[in-house]
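So the chains spell out like this:
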Amino acid sequence: MKAIRIENLKKTYKSGFFNKRKIFALKGISFEIEEGEIFGFLGPNGSGKTTTILSMLNLIKKDSGKVLFFEKELEKDYKLFKYIGYVPEDPYLYNNLKVFEFLYLSSKLSEIKENNLKEKIDYYLDLFELNQKKEALIKNLSKGQKQRVLLSLNFLIEPKILILDEPFRGLDPLGIKNVREEIKKLKEKGKTVFLSSHIISEVEQLCKKVAIIKDGLLIWEGNPKEITKSFGAFKIFYKFKEERFEKNVNNQEELINLLNEINLKGGEIVEVLKEKSLEDYFIEKMEKKDGEN
Amino acid sequence: MEKIKLLSFYFYKNFIRSKSGKAIFFSISVFILFFFLSIFAIKEAEREFLNTAYELTASVILLVATIGSCDFLCSEIKEKTIQLLLTKPIREKDIIISKWIAINLIILTAIILYFFVFHIFGFFIFKRYFPSMDITFLTIFISSLLISSFTFFLTTLFPTIATAIFIIIFGTGLTKLILNSLFDIKTYNIFGLISKKILIYLFYFLFYLFPSYSNLIIKPAEISWSKTFWLNYVKYLIYGILITIFYLLASIYIFKIKRKSYLK
């Protein structure tokens, strides 16, 4: 079953007071996420990542398109939110509530019926090093701590679908590691994670499926490992009698064989480029001008 | 129902701990100070004692009902905490109702405190009980229910504090301003008129708001124990509650339609 299905999602904003100009934030994006999958969503600033998430969650009005969670529309069934967790880009919290009060209220609103809710809250507060701040007012926390409160909440309610918008922002390395581990645990439990992030290495490490968005359009979608396959793990530039050649090979063994062959035939090795990462691919795609994708 | 109870309770807590919440309870100490001073100043003037208590209570409570209700929704939109609520399995109507209950719980807490302070000092100074003030406390509360739902209606339409307050003040004050200006125009030269207008625009709006609202409240001096009074009073209560329900339903409807435009 598809956990999330998005079809031709479009969104425009209007800018200006008298002369209203249309800004196309999403130009018709479509993708599907299987249940139990960790889906990476990449894109540069202003590419439409947060707009996609806000439209998906019915927080802003979309121009057209369909967003389905478990084949149902959120607009028609608000109870679907019971199965959805959301960590926004900036931690928006009730500043005058205490950390524990906030976690308790939000979990109850998400219809958590567990009897051991208080122990569960304590466990996550401990995991994210917030146990000292349990009785502190949220307004007295730093931005990173607020982010950890929101993450604790979403991990403790264990939603069927967790939407994370830049979850690593403001976290220290230990915090990042904890989030990574918790995401993996959710996957093991069969939950779906939608991860929008700038930290490409984390996305590459966690996600089997990644989509790249640029200027409101999906420009690539697939498994990060496919990038290596389609481009080759190594790229070799060599010369035969002043004529230049290049070739891709998929592994080290093939590389050694090719290098030997070139040497035997009297060719000259110019350059051997190492495996292409998702980050290299992302940067290459972003550097291309419009229309080149 | 459980979610409404839970949300109202935590909205109440969140507001009480905010600066606006603290300001309300600070006002109670001003109230106590007034009564303390009245021991020396107005020992024989029961009427004056009652009227001042009414004016103090009405002005503070009506201010809380207006600014507090406005703040309840606008700050949520401004600080984007509304995202938290809109991504939980809660109906829009539950959000509005629990916010309305929370602000009125705060008002009720303040009125109960005022009630005790008033009666303790009243009994201490005049050695008697003032039942007419109880009617006034009740009408102030009914009015605050109405005002808060009216403010909710406006803030769902204009969800920024500045705009909402401006609209509320402008709406209630404009009619009076126009009427007063028409009468005043002959008595001022042009410079006087302009300076007066500026003054009016800067400061008077706020003062126009409260006399307009205070018309909703039955003052202690107006209370009699006749049958006609009670019939009118019941009518007043029914009308007040009906208008409150109307504005509350209208707020829920507008919130449902406009919620997606709040997070632009």
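Since the structure is predicted, the reported quantities are computational estimates derived from the model, not experimental observations. (Residues numbered from 1 in each chain as written. Chains lettered and ligands numbered in written order. Predicted model: local features only at pLDDT ≥ 70, side-chain atom pairs only at ≥ 80, totals over all residues.)

S.K.: When you look at the overall build of chain A in this model, what are you seeing that I'm missing?
M.R.: What chain A contains, in helices and strands, is 9 helices and 13 strands. The proportion of buried residues among the 293 residues of chain A is 36%. Taking the intrachain contacts of chain A between residues at least 6 apart in sequence as the baseline, contacts between residues at least 24 apart amount to 69%. (Helix = DSSP H or I, 4+ residues; strand = E, 2+ residues; numbered from the N terminus. Buried ≥ 20, exposed ≤ 12 C-beta atoms within 10 Å, placed from the backbone. Contact = placed C-beta atoms within 7 Å.)

S.K.: Would you mind showing me how to read helix H8 (residues 252-264) of chain A here?
M.R.: The α-helix winds at 3.6 residues per turn, so residues separated by three or four positions along the chain end up facing the same way. Residue and element names in this part refer to chain A. The first and last C-alpha atoms of H8 sit 18 Å apart over 13 residues, in line with the 18 Å expected at 1.5 Å per residue. In terms of burial, H8 is a largely surface element, 0 of the 13 residues being buried. One or two steps after H8, the chain reaches Gly-266, where phi turns positive at roughly 85°. (Expected span 1.5 Å × (residues − 1).)

S.K.: Please clarify how the sheet that holds strand S12 (residues 243-249) of chain A should be interpreted in this entry.
M.R.: All names here are of chain A. The sheet built from 3 strands is open, its strands ordered S12-S11-S13 with antiparallel pairing. Edge positions in the sheet fall to S12 and strand S13 (268-273), since each has one partner strand and no second. Across the sheet, the axes of successive neighbouring strands diverge by a mean angle of 20°, strand direction being ignored. Here strand S11 (residues 234-240) pairs with S13 via 5 bridges, running antiparallel. Bridging from a neighbouring strand, Tyr-238 pairs with Ile-269 of S13. Together, S11, S12 and S13 form the strand contacts of H8, whose direction differs from that of S12 by roughly 160°. (Pairing = 2+ DSSP bridges. Axes fitted to C-alpha atoms, helices over the stretch in contact; angles between N-to-C directions.)

S.K.: Hey, could you run me through the packing of helix H6 (residues 131-157) of chain B against helix H9 (residues 227-258) of chain B in this one?
M.R.: Think of two packed helices as two axes; the pair is described by the angle between the axes and how far apart they sit. Residue and element names in this part refer to chain B. As a packed pair, H6 and H9 sit with axes 8 Å apart at the nearest point and diverge in direction by 20°. It follows from the interaxial angle that H6 and H9 lie roughly parallel. In this structure, H6 meets H9 at a crossing whose hand is left-handed. Residues Ile-142, Ser-143, Leu-145, Leu-146, Ser-149, Phe-150, Phe-152, Phe-153, Thr-156 and Leu-157 of H6 form the contact with H9, whose participating residues are Leu-237, Gly-240, Ile-243, Thr-244, Tyr-247, Leu-248, Ala-250, Ser-251, Ile-254, Phe-255 and Lys-258. Taken together, the residues that form the contact of H6 with H9 break down as 14 nonpolar, 6 polar and 1 charged. (Parallel < 35°, antiparallel > 145°, perpendicular 65-115°, else oblique. Left-handed = near helix turned anticlockwise from the far one by under 90°. Nonpolar A, V, L, I, M, F, W, Y, C, P; charged D, E, K, R; others polar.)

S.K.: Would you explain unusual backbone geometry in this entry?
M.R.: All names here are of chain A. The backbone of Asn-8 shows a phi angle near 45°, a positive value even though the residue is not glycine. Within the secondary structure layout, Asn-8 lies in strand S1 (residues 2-15). At Glu-166, a position not held by glycine, the phi torsion is positive, near 55°. Position of Glu-166 relative to the elements: it lies in the loop between strand S7 (161-165) and helix H5 (173-188).

S.K.: What's the story with the interface of chain B and chain A in this structure? I'm lost.
M.R.: The figure often quoted for interface size is the accessible area lost as the parts come together. Of the residues lining the interface, 22 residues belong to chain B; the matching set on chain A comes to 25 residues. Contributing elements (two or more residues each) for the side of chain B that touches chain A: helix H1 (2-16) and helix H4 (82-86) of chain B. The element that contributes the greatest number of residues to the side of chain B that touches chain A is H1(B), accounting for 5 residues. Residues that form the side of chain B that touches chain A fall into these classes: 7 nonpolar, 6 polar and 9 charged.

S.K.: Any chance you could explain the sheet that holds strand S3 (residues 38-42) of chain A here in plain terms?
M.R.: Sheet strands line up and pair through hydrogen bonds in the backbone, either parallel or antiparallel. Residues and elements named next belong to chain A. Reading across the sheet, the 6 strands line up as S6-S7-S8-S3-S9-S10 and stay open at both edges, with mixed pairing between neighbours. Every other strand in the sheet has two partners, leaving strand S6 (84-87) and strand S10 (217-222) as the edge strands with one partner each. Strand-to-strand twist across the sheet, computed as the mean angle between neighbouring axes with direction ignored, equals 15°. Sheet analysis places S7 next to strand S8 (residues 192-196), joined by 5 bridges and oriented parallel. Among the inter-strand pairings, Ile-161 is bridged to a residue of S8, identified as Thr-192. In the packing of H5 onto the sheet, contacts are made with S3, S7 and S8, and the angle to S8 comes to roughly 145°.

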